[in-house]
Amino acid sequence: MGLISIGSTPAQANDKELNLYSARHYQTDEALYSDFTKKTGIKINRIEADDNALAERIKSEGSNSSADVILMVDAARLWRAQIDGFFKPIHSKYLESRIPANLRSKPDAEGSTWFGFSTRARLVVYNKAKVNPRDVDTYEKLADPINKGKVCTRSGAHPYMLSLIGAMIERRGEVATEEWAKGMVANMARPPRGGDTDQIKAVASGECGVALTNSYYLVRLLRSNKPEDQELVSKIGFIWPNQKTTGTHINIAGGGVAKNAPHPQAAIQFLEYLASDSAQQYFADGNNEWPVVVSVKINNEGLKLLGSFKAENISVAAIGKNQISAQRLLDRAGHK
């Protein structure tokens, strides 16, 4: 792997443990962590919590925090952690060569603060018996009057929605995006509630005609052997939105070195490991996410069922930066 350094100071060479603060709750990540320890001899001490609880813990610990690496889900959360001063900028030729520039923080002279290690797409799912797919094949059409009473979403305060709005602000501007959000609210079948799997189930039951979901929730159902899941899948279709225009919105899970990392070399070793071929394959096979390293081949039948698609080419750092404007916009539009 590349030269390991923090800023201009070489990292210590004898770090044999790593304190990982993670907002990832995927059981399949166990293999990822075990593989790192097997390869490096570095023991991982883990603290897991949701993003908000993790952020509160890091704030309360302050300069006494034992965190070496912080992993978070969604560009909006990574950007907030950056603004709150949770990360230490680093230089890593390996990470910079492996991870596309639009999937990591904007670097400065001190380096980059966080890196994306896996991606997920924001898909449209629709009820095949109730909705014509041509009526919902772009994000913009979800706000069209033809879809009145059909749209379901999760809360407007959730980072998945904030990141989508942040991307729309970046490419369309606030005025047009707010008009879209008002149209979405006018078309809702019910008040926003539940997670992405709940949205898929509501579409399959006919409570909703169309909804948004992150791709890995759909792939979990596609890969499931449970009869009830297969019945659910049989009732829905999915769409890669905006294929003829700007492409489908994608987001990331990622992380960085903690500001006061007591084991800085181990921290960067771990981040570089996450960009390795073997770790990238774990993300794909274990949690149905796409690798960020374009050369990595995946062997996930569920992801293969989704096929290929045109992805939106917007910096995730810009998406994160727009989250405050996105929340204000959604509040004005009445998207609770």
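Everything below is about the structure printed above this text.
Residues numbered from 1 in each chain as written. Predicted model: local features only at pLDDT ≥ 70, side-chain atom pairs only at ≥ 80, totals over all residues. Heavy atoms only, no water.

> So what's going on with the packing of aromatic side chains? Residues and values would help.
Per the counting criterion, the structure on display carries nine aromatic pairs. Between W240 and F309 the ring centres are 3.9 Å apart and the planes differ by 5 degrees, which places this aromatic pair in the stacked class. Here F309 lies in the loop between α12 (301-306) and α13 (316-321) and W240 lies in the loop between β9 (236-239) and β10 (250-257), a separation of 69 residues in the sequence. With a centroid separation of 5.3 Å and an interplanar angle of 55 degrees, the aromatic rings of W290 and F309 are classed as tilted. With W290 in strand β11 (residues 290-291) and F309 in the loop between α12 and α13, this pair connects stretches of sequence that are 19 residues apart. Through a chain of ring-to-ring contacts, three or more aromatic side chains come together here, namely Y33, F36, F270 and Y273. (Phe/Tyr/Trp six-rings, centres within 6.5 Å; stacked < 30°, edge-to-face > 60°. Helix = DSSP H or I, 4+ residues; strand = E, 2+ residues; numbered from the N terminus.)

> How would you summarise the state of the cysteines if you had to cite specific residues and measurements?
Scanning the model with the defined rule gives one disulfide in all. Between the sulfur atoms of C152 and its disulfide partner C208 the distance amounts to 1.9 Å. Because the torsion about its S-S bond is -80 degrees, the bridge between C152 and C208 counts as left-handed. Pair noted here: C152 is in strand β7 (residues 151-152) and C208 is in the loop between α7 (196-205) and β8 (210-214), with a separation of 56 residues, a long-range link. (Disulfide = S-S within 2.5 Å.)

> Let's hear about the environment of T119: which residues, and what values?
Take T119: it is sitting in strand β6 (residues 115-127). We classify T119 as buried; its relative accessible area is 8%. When the C-alpha atoms of T119 and P291 are compared, they prove to be 6.4 Å apart, with 172 residues separating the residues in sequence. Excluding its chain neighbours within four sequence positions, the residues that come into contact with T119 are L103, N251, I252, E289, W290, P291 and V292. (Buried < 20%, exposed > 50% of the residue type's maximum accessible area, 1.4 Å probe, protein only. Contact = heavy atoms within 4.5 Å.)

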